[in-house]
Amino acid sequence: MTKSLPFSVRFVILVAICCFLTNILFAQQKTISGRVIATEDGAGLPGVSIVVKGTNVGAITGADGTYKLAVPGEKSILSFSFVGFATQEKTVGTSGTIDISLESDTKQFSELVVIGSRNSSRTKLDTPAPVDVISVAKISQNMPQTELGQLLKQVAPSFNSLKIPGGDLASHVDAVQLRNQPPNQTLVLLNGKRRHSSSLLLVANNSGPSTTVDMRTIPLAAVEKVEILRDGAAAQYGSDAIAGVVNMELKKSVGVFTGMYNTGFYANAGLAKNKDIDKFGTDGKLQQFMGNYGFALGDKGGFINLTFELSQQGKSSRVPKGGYSGAVFDDSYLNNTRKDEYGQTIITNPELIASPDNASLKTDQGLQDARGLKKKDFEMITGLSKVENGTIFMNMAIPLGPMKGNEFYAFGGLNYRNTLSGCYYRFPRQQDRFLNDLYPNGFLPQLTSNISDRSLTMGVKGKAGIFDVDFSNSFGNSKFGFGMVNTMNASYGPSTPTTMRLGDNNFIQNTTNLGLTKLFENPGNGALKSINVAFGAEMRIENYQIKAGQKESYTKGDYGTFTAPSDNYNYTKNVNKDVKSEQTIKTITGADSTVYVDLILPYKGDKVDIKGYSPNCQCFRGFAPEQETNAFRSVMAGYVDVEVDVTKRFMIEGAARYEHYSDFGGVLTGKFATRYSIIPDRFAVRGSISTGFRAPSLQELYYAQTSTGFTPGGVPFDQGYFTNNSTAAKALGIPKLKQERSTNISFGLTSQLITGLEVTADAYYIHIKDKIIQTGGFGGSVIGGNFSNIITADGIAQFFTNAADVETKGIDLVANYRAVVGRGGQMTFSLAANWNTVAFTKVYPAPLNIGANNTLPTDPTLRAQYLSDIYLNRSSRGSFERGNPRQKYIASIVYTKGPLSAMIRGVYYGGVNYYSNYHETDDITSPYADYTLGARATMDLSVSYQIIKALRVSIGGDNVTNTYPTKTRADLTDSGRFAYDNYQMGYQGAYYYARLSFQF
């Protein structure tokens, strides 16, 4: 696809650079070691956090409670903290050994949060909106998942990051979703700073077309914790925080190397085998190695923390029992009756010529048997894509001057990823996209992507008068280079390339941010408890580019075209009597009638396309010059956020944000929130109301592409995505895109009535006006008029449009109970649940330009319904409303004692409904081919043991119950190509893993 260095070489170079930098930055420190025990029974405490006070230097105790830590000097103060125990501090002094005994204190369960409030002293239960705090560094050792998005999906009730199976570009990126909203309505932050989105536009997402932050670009080993704000926060953080905010905090530890080696695979085994699918042995095999190490910079708390990850994930595929059951060869292939443009016979079945009396060679199955072909030879890759992934990440801070809190900070990373996914198999019976010289038995095109992602944030924190000031600049770049292998452009004949470069998508985002905060304690002589004031400004510049691929990927060649050797040349008589010209004549009654006459070329040199070979690269057409774009946008914003603690029990918050888009104008959004503690530190109520605004992304505005689609019966057609300012959109009457507006209301309860038990329950309502959706496919011959002159006869066009208002209602429940069990044991019980409904409340159909020569139903009611089902794509609407479970329950138990840790987690997914764009028969009055996917429950298991101080071994599984969704309707599978649709937990089945964790 590209002339860049191979993936493995690039990654080795990056690791070498990383190691070189770490050696340069290494500094001499004093090493302290010791053991932390519980006062109650003297047992060693694993997982105790040890931090050098006033710095980010720290370590974690091992399974026996021991630790080792490099500290800046003898005056350093160590802080020892652990859930369920009182924090203790100790000055280092001259000793090299410090042992600590911690007292039990089960009230110490609250964690400080960064999002949800700009008051830095708030805990997750003090905020006026629900915030989940997930300690990734702690729980990752007991989780089967090795990617950040997949891990969060298993623990957060409203979070989803469903992996998309191969066959579409959406399988090359892991999306982020909150509260069943599209990914582009969730703002993702890294260390509190806006993260750039992927350049890829997801057009096969269950909640509608969307851009997303690519979670695969952030290595799991780099993240300390994740905070998920489940509330509208556009006025606080930016216009795309409609569903909420996900903030990832990077590690700051120094002096300790932590690493993981993960291996795993999918297998149709475990508590139950699935008898509905073909045997696949094991697939989706994973090999992954990641490491993290931090160096102290100087003796005043400076640090640089580095992470690397290298992984390889194999493909997986799930097909129905027996595999593909449709035809491979047609009669013309079997009987050698195909002819080229010169009338010469094309020998497609040489076996029949060699054995003319063998009647079986004239049958589809007989020829397959003669060639030793099996059903598996014609299968698609209906599962996860093959992925090679390499990442380096950095997080650093350097104190500036003598004043505490002044620092320079920087963080960012490099990610390279190669991905391979399968498309629809092309069969010899499909004459317009088949060349016998290249692929006599057909072929499986495969889509590749060469992905690079770069990011760097730099900033300074300090004091400016009475205010705490944070000034930063964040740069992010996502580039996708697309390609195809094992493909062809049939219209170029045997000279066609079989590996093609399809072009590039590139997205650049640069955000400059200035924020000021000040906490006023007891203002007005104690009239109020405190006032926290925050205000600032932001400037963001975005650039989206589409670059064309090689010409063979998007053009039509001359293969199969005949050139007249003389004037008035009768092709039918002289070359091929079976080729006729279609003409329309008037009958005696005046009606039109179609007749077939000899094909005559009037002039010498005239050309006629006899074979009608499909143009473009098979599966995914390359980006053409007319689809190239280089679009820019700038966004200016200013905000103010005020939190008032009226009393210790009552607080209110107000926020306002003004944003001005260079292409969509200005908008003012606001938020009001409050919290009242009915029983101090035990029981409180909270609520908020806010407005939001989301302009269409540059990808939604400018993405254009053509690919090959297939009906449920396997009939191919060209489907194109056209921009709203294209000629096709103007001809059809599709309006220009406009911004979405939203209203978000929430009300909740927080409780700590029992020591060690936290319970939060929050109800929410989200209303989005002018929701952007993807239309169905408009056929040129169906619509007629000027539109039929732009879209090919067998092709369809799709657009993005503001089609409707959407309403989401739901309730989130989160409960956690932690307790000390027996001698040194700790048990954590967690329950999370989400109930939701999503509905289109108002539809805005556009007045379409229908030509007089349309082929729409003549009945006015049927015609109106037919157009409505295309404009507001029935499948897309159904997927949005019922494609995500209306209930999701997560229950888990984690037990830790000494070197042993065990986890069991159950996840319940409510049923979903599949809405089809196709009728059960060719009669459009027949019912649609819909079906229901029943509720499902999965179970994760994990056991880990600290073998020695530096090594922990973990084994377990994800979905060990080997649960699959309801099978797809047989008439929607194209003769057995598919077994399942991708809803709920996906359809990969049970995954088993083993892990070695290192710490030294």
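Residues numbered from 1 in each chain as written. Predicted model: local features only at pLDDT ≥ 70, side-chain atom pairs only at ≥ 80, totals over all residues. Heavy atoms only, no water.

### With respect to the confidence of the model for the protein
Heads up, the condition is: For every residue, the predictor assigns a confidence score, pLDDT, that lies between 0 and 100. Between two residues, a contact is recorded if the distance between any of their heavy atoms is within 4.5 Å.
Per-residue pLDDT for the protein has a mean of 87; in total, 92% of the residues score no lower than 70. Here residues 17–28 is a poorly scored stretch, pLDDT under 50, and it has 11 contacts once near neighbours within four places are set aside; other chains count.

### A closer look at unusual backbone geometry
This is how it is decided: Runs of H or I in DSSP of at least four residues are treated as helices and runs of E of at least two as strands, each being numbered from the N terminus. Remark: exposure states derive from per-residue accessible area (1.4 Å probe, protein chains only) relative to the maximum for the residue type, with buried under 20%, exposed over 50%, and partly exposed in between.
Here N525, not a glycine, exhibits a phi torsion of approximately 55°, which is positive. Mapped onto the fold, N525 is located in helix α8 (residues 523–526). Judged by its relative accessible area of 85%, N525 is exposed. Residue D770 is not a glycine yet carries a positive backbone phi of 60°. Within the element layout of this structure, D770 appears in strand β37 (residues 757–774).

### Some points on helix α13 (residues 860–871)
Heads up, the rule is: A helix's residues, less one, multiplied by 1.5 Å, set its expected span. Throughout this description, a polar contact denotes any pair of N or O atoms lying within 3.5 Å of each other; where both atoms belong to protein, one of them has to be capable of donating a hydrogen while the other can accept it, and for residues adjacent in sequence the pair is counted only when both atoms sit in side chains.
In a regular helix each residue adds 1.5 Å, so 12 residues correspond to 16 Å; α13 covers 16 Å between its end C-alpha atoms and thus fits that length. When we look at burial in α13, the residues that qualify are L867, D869, I870 and Y871. The secondary structure elements touched by the buried residues of α13 are β37, β38 (778–779), α12 (780–783), β40 (800–821) and α14 (874–882). Here α13 starts with a cap whose side-chain oxygen sits 3.1 Å from the backbone nitrogen of T861, and that cap is D859.

### Here we look at the sheet that holds strand β12 (residues 193–194)
Applied cut-off: Paired strands, as defined in this entry, are two strands with at least two bridges between them according to DSSP.
Read across the open sheet, the 5 strands follow the order β8-β13-β14-β11-β12; overall the sheet is mixed. Unpaired on one side and paired on the other, β8 (131–134) and β12 mark the two borders of the sheet. With 5 bridges connecting them, strand β11 (residues 186–190) and strand β14 (residues 244–250) associate as parallel partners. Bridge assignment links L187 to a residue of β14, and that residue is V245.

### Notes on the state of the cysteines
Here is the rule: When the sulfur atoms of two cysteines come within 2.5 Å, that pair is taken as a disulfide.
With the rule as written, the count across this model stands at 1 disulfide. C423 shares a disulfide with C619; S-S distance 2.0 Å. An S-S torsion of about -70° defines the bridge between C423 and C619 as left-handed. Taken together, the residues C423 in the loop between β19 (407–422) and β20 (446–464) and C619 in the loop between β29 (607–609) and β30 (629–645) connect sequence positions 196 residues apart. Considered together, C423 and C619 belong to a single accessibility category, that of buried residues.

### Description of the nonpolar core
Operational definition: In plain words, nonpolar cores are sets of buried Ala, Val, Leu, Ile, Met, Phe, Trp, Tyr and Cys residues tied together by side-chain atoms within 4.5 Å.
Core analysis: the biggest nonpolar cluster contains 56 residues, and L78, F80 and L148 have the highest contact counts within it. Look past the residues within four positions of F80 in its chain and what remains in contact with it is V36, V48, S49, I50, Y67, A86, T87, Q88, K90, I98, I100 and L102. By size, the runner-up hydrophobic cluster in this structure holds 35 residues, among which are L201, L202, C617 and F664.

### Examining the pairing of β20
Bridge count between β19 and β20: 16 bridges; the pairing is antiparallel. Opposite A410, over in β20, you have M458 as the bridge partner. The pairing of β20 with strand β21 (residues 467–485) spans 19 bridges and is classified as antiparallel. The residue bridging K461 from the neighbouring strand is D470, located in β21. Taking the residues between adjacent antiparallel strands as the criterion, β20 and β21 are bridged by 2 residues, where G465 takes a positive phi near 70°.

### Side note on the side chain of N959
Relative to the assigned elements, N959 resides in the loop between β47 (951–958) and β48 (991–999). Overall, the relative accessible area of 5% leaves N959 in the buried class. Setting aside residues up to four positions removed in sequence, N959 forms contacts with T938, M939, D940, G989 and A990.

### Examining empty space enclosed by the protein
Cut-off, in case you're wondering: Within this scheme a cavity is a closed region of a 1 Å grid, computed over the protein atoms alone, that accommodates a 1.4 Å probe without allowing it to escape, whereas a pocket is open but has protein on both sides within 12 Å along at least five of seven lines; lining residues each have an atom within 4 Å of a point. Grid points are joined across faces, edges and corners, and a volume is the space filled by probe spheres set on the points. Asp, Glu, Lys and Arg are counted as charged, while Ala, Val, Leu, Ile, Met, Phe, Trp, Tyr, Cys and Pro are counted as nonpolar; the rest, among them Gly, fall into the polar class.
Going through the model one piece at a time under the given rule, you end up with 9 cavities of 30 Å³ or more. What lines the largest cavity is a set of 25 residues, and nearest its centre among them are Q150, K153, K163, Y266 and D958. A per-class count over the lining of the largest cavity returns 9 nonpolar, 12 polar and 4 charged. For the second largest cavity, the calculated volume is near 320 Å³. Around the second largest cavity, the lining is made up of 24 residues, and of these R194, S197, T211, D240 and E542 lie nearest the centre.

### Topic: the sheet that holds strand β7 (residues 100–102)
We apply this condition: Axes here refer to lines fitted to C-alpha atoms; in helices the fit is confined to the stretch in contact. Angles between the N-to-C directions go from 0 to 180 degrees.
An order of β4-β1-β7 is seen for the 3 strands of this open sheet, with the pairing classed as mixed. At either margin of the open sheet sits one strand with a lone partner, and together these are β4 (66–71) and β7. Each adjacent strand pair in this sheet contributes to an overall mean axis angle of 35°, direction not counted. In this structure, strand β1 (residues 30–38) lies alongside β4, joined through 6 bridges in antiparallel fashion.

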